[in-house]
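# Examination of the molecular architecture
So you can see what is in the structure, the chains are spelled out below.
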Amino acid sequence: MSIDDQLAEWGRGAQALALLDAAFAQGWITFLAEPRDLASLAKLSQQDPDRVRDVLGALVANGIAVAESGRYRLAPDVAAAVAGDAPMDLGAKVANARLVARQVENVVRTGAAPLTAQEAVVVARSFAFRAGPGSRAVVTMLFEPMPEMWEAMRDGRLLDVGSGVGGFVLTAATMLPGMRATTLEVVPEVAAVAAARAKDLGVDDRIDVRCMDARDFVAAQAYDVAFWAQPFFPADARAATLATIRRSLRPGGLLLVQELEAPSEGPGFALRRLVAQAQGIPFARTIEDLVAECADAGFVDARVITSDFGRVALLTA
Ligand SMILES: C[S@@+](CC[C@H](N)C(=O)[O-])C[C@H]1O[C@@H](n2cnc3c(N)ncnc32)[C@H](O)[C@@H]1O
């Protein structure tokens with residue numbers, strides 16, 4: 001591909017992402033969940049009909065909306081991704097993709113990619129399940145190859161380390177009415193979203209949302225299972241975090257860690273790694289690296305499980 005063609009492709013991608021991000025922010029994605037004509041969209045968006053026609057043209061040309069007999073609606077795959085039963089939040093993923101682009105720029109310009117609290121919320125939302133039927137179906141499939149972990153959670157206590165906005169723990173809590181959990185999240189604004197979601201879902205009586213550095217948590221042998229969101233922990237916090245988790249689990253308690261993405265040669269991988277490394281995060285640790293890291297912290301009996309969702313390891317305290 002010539003550099004001009006390449007540039008046109010990069011530009012189109014960035015512009016389409018900007019369009020989709022603004023379409024969420026301005027309510028277009030909600031308006032277009034139902035088929036609507038131009039006049040009703042002009043009324044809903046409170047914009048001039050000519051401008052509305054141009055925005056709709058851009059949404060259709062970029063595969064976000066479709067036009068049929070003078071009415072417009074979301075393209076089927078976009079509609080499915082924003083439906084109430086979708087497992088994850090498409091708007092959050094779009095916002096995060098734009099954030100990563102800004103971070104790449106920051107790293108190249110300054111060598112650093114610090115996150116504001118609100119950006120940390122964007123990141124956490126983009127990785128979180130939405131706690132509806134879609135995410136419950138995904139969690140069921142995720143745990144099929146490790147029934148011992150699911151059974152230990154059923155009436156047990158879970159320590160969720162690096163909980164973000166609580167995607168996993170809150171979905172599990174809606175599925176397992178006997179499960180109790182403590183969540184550890186260091187960014188107050190992110191922990192506040194997790195606490196609000198727990199309340200909305202009616203599970204806040206069983207979920208203890210703590211805003212703190214995981215390394216400072218003390219609760220000896222109180223937990224049956226732990227989940228560590230390891231891809232988000234910088235190198236200098238990892239050994240102490242694993243020591244906390246091991247101390248917190250009862251003897252025989254289980255730890256779950258996930259390989260976020262396997263190393264690859266692709267350009268996207270190189271960009272994400274650039275950002276992670278500027279944040280001190282060892283990017284794309286393989287499951288073998290993770291098992292060795294956990295073994296160094298004293299965990300034993302590692303079992304690696306490969307599924308359609310990638311690779312995870314289950315270890316015993
Ligand atoms: C993006 S979330 C992971 C997703 C989450 N497990 C879920 O199911 O939705 C990872 C979180 O770990 C948090 N984190 C990083 N280092 C931490 C530490 N030392 N103690 C507590 N939380 C930490 C980050 O602030 C981030 O919000």
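Residues numbered from 1 in each chain as written. Predicted model: local features only at pLDDT ≥ 70, side-chain atom pairs only at ≥ 80, totals over all residues. Heavy atoms only, no water.

## Focus: the overall build of the protein chain
Using the following cut-off: Counting from the N terminus, the helices are the DSSP runs of H or I reaching at least four residues and the strands are the DSSP runs of E reaching at least two. We take the radius of gyration over the C-alpha atoms and set the globule estimate at 2.2 Å times the residue count to the 0.38 power. Only protein chains enter the accessibility calculation, which uses a 1.4 Å probe; a residue whose area is less than 20% of its type maximum is buried, one above 50% is exposed, and one in between is partly exposed. Any pair of residues with heavy atoms lying within 4.5 Å of one another is described as a contacting pair.
Broken down by element type, the protein chain carries 14 helices and 10 strands. Computed over its C-alpha atoms, the radius of gyration of the protein chain comes to 22 Å, within 12% of the 20 Å expected for a compact globule of 317 residues. The principal-axis extents of the C-alpha atoms in the protein chain amount to approximately 65 × 45 × 35 Å. Split into buried and exposed, the 317 residues of the protein chain put 42% on the buried side. Sequence separation of 24 or more characterises 69% of the internal contacts of the protein chain that already satisfy a separation of 6 or more.

## Observations regarding the packing of aromatic side chains
Here is the rule we go by: Aromatic contacts are taken between Phe, Tyr and Trp rings whose centres are within 6.5 Å, Trp giving its six-membered ring; a plane angle under 30 degrees counts as stacked, one over 60 as edge-to-face, and the others as tilted. A ring is scored as having a charge over it whenever the NZ atom of a lysine or the CZ atom of an arginine sits within 6 Å of its centre and within 35 degrees of its normal.
In this structure the tally under the stated criterion is eight aromatic pairs. Ring geometry for Phe 168 against Phe 227: centres 5.0 Å apart, planes inclined by 65 degrees, an arrangement best described as edge-to-face. On the criterion of sequence distance, the pair formed by Phe 168 in helix α10 (residues 167-175) and Phe 227 in strand β7 (residues 223-228) is long-range, its members being 59 residues apart. Across the pair, Phe 227 and Phe 168 agree in class, each one buried. A centroid spacing of 5.7 Å and a plane angle of 75 degrees characterise the contact between Trp 228 and Phe 233, whose relative ring orientation is edge-to-face. Phe 233 sits in the buried class, given a relative accessible area of 13%. Three or more aromatic residues joined by ring pairs make a cluster, and in this case those are Phe 143, Trp 150, Phe 168 and Phe 227. Lying over the aromatic face of Tyr 223, Arg 157 brings its terminal NZ or CZ to 4.6 Å of the ring centre.

## A few points about the site of the ligand
Stated precisely, the cut-off is as follows: Nearness of a residue to a molecule or strand requires only that one of the residue's heavy atoms be within 4 Å of it. Any pair of nitrogen or oxygen atoms within 3.5 Å is treated as a polar contact; in protein, a donor-acceptor pairing is required on top of that, and neighbouring residues in sequence qualify only through side-chain atoms on both sides. To measure how exposed things are, a 1.4 Å probe is used in the Shrake-Rupley method; for residues, cover is taken only from the protein chains shown. Under the scheme applied here, ten amino acids are nonpolar (Ala, Val, Leu, Ile, Met, Phe, Trp, Tyr, Cys and Pro), four are charged (Asp, Glu, Lys and Arg), and all others, including Gly, are polar.
As a structural note, the neighbourhood of the ligand is formed by 20 residues, with Gly 167, Phe 168, Glu 185, Asp 213 and Ala 214 the closest of them. The backbone of Gly 167 places a nitrogen or oxygen atom 2.9 Å from an oxygen atom of the ligand. Take Val 186: an N or O atom from its main chain is 3.2 Å from a nitrogen atom of the ligand. For the ligand, whose free accessible area comes to 610 Å², the fraction covered by protein is 91%. Where the shell around the ligand is concerned, the elements lending two or more residues are α10 and β5 (180-185). Among the residues forming the shell around the ligand, the class breakdown is 13 nonpolar, five polar and two charged.

## Description of the domain arrangement of the protein chain
One widely used convention gives an interface's size as the accessible area the parts lose upon coming together. This is how it is decided: These domain limits were set by an automatic method or by a database of domain assignments.
The domain boundaries assigned to the protein chain delineate domain 1 (3-82) and domain 2 (117-316). Relative placement of domain 1 and domain 2: their C-alpha centres are 35 Å apart.

## Notes on the packing of helix α7 (residues 117-126) against helix α11 (residues 188-200)
Put simply, the rule reads: To obtain an axis, a line is fitted to C-alpha atoms, over the contacting stretch when the element is a helix, and the angle between two such axes runs from 0 to 180 degrees between their N-to-C directions. Here the word oblique covers every angle except those under 35 degrees (roughly parallel), over 145 (roughly antiparallel) and from 65 to 115 (roughly perpendicular).
Between α7 and α11, the shortest axis-to-axis distance is 8 Å and the interhelical angle comes to 45 degrees. The orientation of α7 relative to α11 falls into the category oblique. From α7, Ala 117, Gln 118, Ala 120, Val 121, Ala 124 and Arg 125 reach across to α11, where they touch Glu 189, Val 190 and Val 193.

## Some thoughts on the environment of Gly 70
Its location among the elements puts Gly 70 in the loop between β2 (65-68) and β3 (71-74). Its relative accessible area of 54% is what places Gly 70 among the exposed residues. Separated by 32 residues in sequence, Gly 70 and Leu 38 have C-alpha atoms that sit 7.7 Å apart. Excluding its chain neighbours within four sequence positions, the residues that come into contact with Gly 70 are Arg 36, Asp 37 and Leu 38.

## Quick word on the side chain of Arg 238
Among the secondary structure elements, Arg 238 is positioned in helix α12 (residues 235-248). Classification of Arg 238 by relative accessible area gives buried; the value is 3%. Apart from residues no more than four positions distant in its own chain, Arg 238 is found in contact with Trp 228, Gln 230, Phe 233, Pro 282, Arg 285, Leu 290 and Glu 293.

## Some thoughts on the side chain of Gln 103
Looking at the secondary structure, you find Gln 103 in helix α6 (residues 90-110). With a relative accessible area of 6%, Gln 103 lands in the buried category. Residues in contact with Gln 103, not counting those within four places in the same chain, are Ala 113, Leu 115, Val 275 and Gln 279.

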